[in-house]
Amino acid sequence: MRFQDRLGHNRSMKTKPACIVTGAAVAWVAAVIPATTPPVSAMPPFLNEWQDLYPASLTDDNLDNGGGSSCQVCHAGPFGGPPWNDYGWSVHEEFDVNGGDIVAAILAVQDLNPDNDPTACSSIVEINADTQPGWTDGPNNTFHFHDGSIQENQPPPADVLGDLNPSTSCCPADLDGDGTVGITDFLALLGAWGTPGGDVDGDGTTGITDFLALLGAWGSCS
Ligand SMILES: [Ca+2]
Ligand SMILES: [Ca+2]
Ligand SMILES: [Ca+2]
Ligand SMILES: [Ca+2]
């Protein structure tokens, strides 16, 4: 269901509860905010702004329909709060440094690849492909906490529908999947000469055009 807020912005009315402050987050807020500060009743509406920016994306719906919640676009848990995934943490950090502008924070990180997925696809490519900008397959995700601490090698949410990453690489010259195009990819290309193994331009074999494409893509994939 869509409705307009008091500022005239179109908003979506979700049938599931919005991301809320969890018990852990409440405890954290209580611990760090002086008693004279008014109580925090809800997190800023990151999810609403995200859905307004990307209304056609199924990234959030694939979490809802898989048994989780849209909050898990950014958060590990279905109700929001800490920990965040790599994408959510990137938005969170940008929000902190830009003075609290949610939309600007989301837009500032959409061209990055915080989940470091093997396809090297940016968050906006993932959002448009209905995959998860903050999650990649296997125990290869990082949880971020308020104090800056992390937990590595975490699994993605269970039962998310759809793919976590795009099916096609956004950086085909990155043959070894380390997020950059460099000498190791060049050596891999040489080793696969005349076979499909180093095919960068998609013609089914590895040759001079792939070598030139690799040179043209030299450097970071994002
Ligand atoms: Ca990505
Ligand atoms: Ca992903
Ligand atoms: Ca590489
Ligand atoms: Ca080729």
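Look a little higher up for the structure.
Heads up: these notes are all about the structure in this document.

This paragraph deals with helix α5 (residues 102-109). Those residues of α5 not exposed but buried are Ala-105, Ile-106 and Val-109. What you see down the axis of α5 is that its buried residues fit within an arc of 95°, all on one side. Where α5 is buried, its residues touch α2 (46-53), α4 (86-97) and α6 (123-128).

So, on to the environment of Asn-116. Among the structural elements, Asn-116 can be located in the loop between α5 and α6. Along the primary structure Asn-116 and Gly-177 are separated by 61 residues, whereas in three dimensions their C-alpha atoms are 9.5 Å apart.

Take the nonpolar core next. Judged by nonpolar contacts, the single largest core of 19 residues is most densely connected at Leu-47, Trp-50, Cys-74, Val-91, Ala-105 and Ile-106. Taken together, the elements giving at least two residues each to this core come down to α2, α4 and α5. No other element matches the four residues that α4 contributes to this core. Aside from chain neighbours lying at most four places away, what touches Cys-74 is Phe-46, Trp-84, Asn-85, Tyr-87, Gly-88, Val-91 and Gly-134. Membership of the second largest hydrophobic core comes to twelve residues, among which are Ala-120, Val-125, Ala-173 and Leu-175.

Moving on, we get to the packing of α2 against α5. As a packed pair, α2 and α5 sit with axes 10 Å apart at the nearest point and diverge in direction by 60°. In this view, α2 runs oblique relative to α5, as classed from their interaxial angle. Every pair of crossing elements has a handedness; the one defined by α2 and α5 is right-handed. On the side of α2, the interface is formed by Phe-46, Glu-49, Trp-50 and Leu-53, while α5 contributes Ile-102, Val-103 and Ile-106. Of the residues contributing to the contact of α2 with α5, the split by class is six nonpolar, no polar and one charged.

Reading guide: rules and limits
- Residues numbered from 1 in each chain as written.
- Chains lettered and ligands numbered in written order.
- Predicted model: local features only at pLDDT ≥ 70, side-chain atom pairs only at ≥ 80, totals over all residues.
- Buried ≥ 20, exposed ≤ 12 C-beta atoms within 10 Å, placed from the backbone.
- Helix = DSSP H or I, 4+ residues; strand = E, 2+ residues; numbered from the N terminus.
- Arc of directions from axis to C-beta.
- Contact = placed C-beta atoms within 7 Å.
- Core = buried A, V, L, I, M, F, W, Y, C linked by C-beta atoms within 7 Å.
- Axes fitted to C-alpha atoms, helices over the stretch in contact; angles between N-to-C directions.
- Parallel < 35°, antiparallel > 145°, perpendicular 65-115°, else oblique.
- Left-handed = near helix turned anticlockwise from the far one by under 90°.
- Nonpolar A, V, L, I, M, F, W, Y, C, P; charged D, E, K, R; others polar.

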